[in-house]
Amino acid sequence: ALLLYEWLVKQKKICSIRESKWEFAAKISALIARKHKMISGREYLGEDAFLIVACFEMLQEITLSIRPVSDKGVIVIVPRTPFCRVAAGMVRGCTVVSQAKEIVFFSGFPDLTIWLDTDPKDAYQRQLIRGFDVKSLSYLEQYRVAIQNILAEYNHIRIDGSQDINSVQGIVRQVVIDRLWG
């Protein structure tokens, strides 16, 4: 996302990258969970409630922060989409996936969704190398299936994310050029 943003800036496009790291409900539920000697906000709220709350927070972000800016012609890049949120809930066994989708897409769908479909083994290795909070290989495999199932219902562009970074960047740039200037 950051590489795309930097490239768009060089193209003299007005753009913004939006990735909210502060999720109010997640932080507060985690604090309350600790008070009850629980590990996480998910444990405190339960997976279904946690997903619904997270989806409402994402809808709020889209409605109040992203749409008003994009409606003015600014290109807004959002690395973690509503599709990601719902897929994570599916992997965690949530039973309220249809409600979650209805909530996060209440204000409409993203104008352009690019899925960097990366082999879970490659994704796992990249997370280790970059020092990210590493999900298990099993989780990544389940997540890939979940995101694949969700995106099958929606318009999106799939790019093989297992290719080298320069190839992926070139393909993403071409998709954006076709979409913005095509």
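This is a predicted model, so every value here is computed, not measured.

Draft legend 1. Layout of helix α5 (residues 82–91). Here α5 lies mainly inside the structure; eight of its 10 residues are buried. Buried within α5 we find Pro82, Phe83, Arg85, Val86, Ala87, Ala88, Gly89 and Val91. The elements touched by buried residues of α5 are α4 (47–70), α6 (97–104) and α8 (137–151). With a side-chain oxygen lying 3.1 Å from the backbone nitrogen of Phe83, the N-terminal cap of α5 falls on Thr81. Count one or two residues on from α5 and you reach Gly93, which has phi positive near 80°.

Draft legend 2. Looking closely at empty space enclosed by the protein. Considering all chains together, one arrives at two cavities of 30 Å³ or more under this definition. In this model, the largest cavity occupies a volume close to 60 Å³. For the lining of the largest cavity, the secondary-structure elements that each account for two or more residues are α4 and α5. When residues in the lining of the largest cavity are grouped by element, the largest group, four residues, is from α4. Here the second largest cavity is characterised by a volume of approximately 50 Å³. As for the second largest cavity, its lining consists of Glu23, Ala25, Ala26, Ser29, Leu45, Phe50, Val53, Ala54 and Glu57. Looking at the lining of the second largest cavity, the elements that each hand over two or more residues are α2 (24–35) and α4. Counting residues per element, the lining of the second largest cavity draws most heavily on α4, which supplies four residues. In the lining of the second largest cavity, the residues fall into six nonpolar, one polar and two charged.

Cut-offs and rules
- Residues numbered from 1 in each chain as written.
- Predicted model: local features only at pLDDT ≥ 70, side-chain atom pairs only at ≥ 80, totals over all residues.
- Heavy atoms only, no water.
- Buried < 20%, exposed > 50% of the residue type's maximum accessible area, 1.4 Å probe, protein only.
- Helix = DSSP H or I, 4+ residues; strand = E, 2+ residues; numbered from the N terminus.
- Contact = heavy atoms within 4.5 Å.
- Polar contact = N/O pair within 3.5 Å; in protein donor to acceptor, adjacent residues only side chain to side chain.
- 1 Å grid on protein atoms, 1.4 Å probe; cavity = no way out; pocket = protein on both sides within 12 Å on 5 of 7 lines; lining within 4 Å.
- Points joined across faces, edges and corners; volume = space filled by probe spheres on them.
- Nonpolar A, V, L, I, M, F, W, Y, C, P; charged D, E, K, R; others polar.

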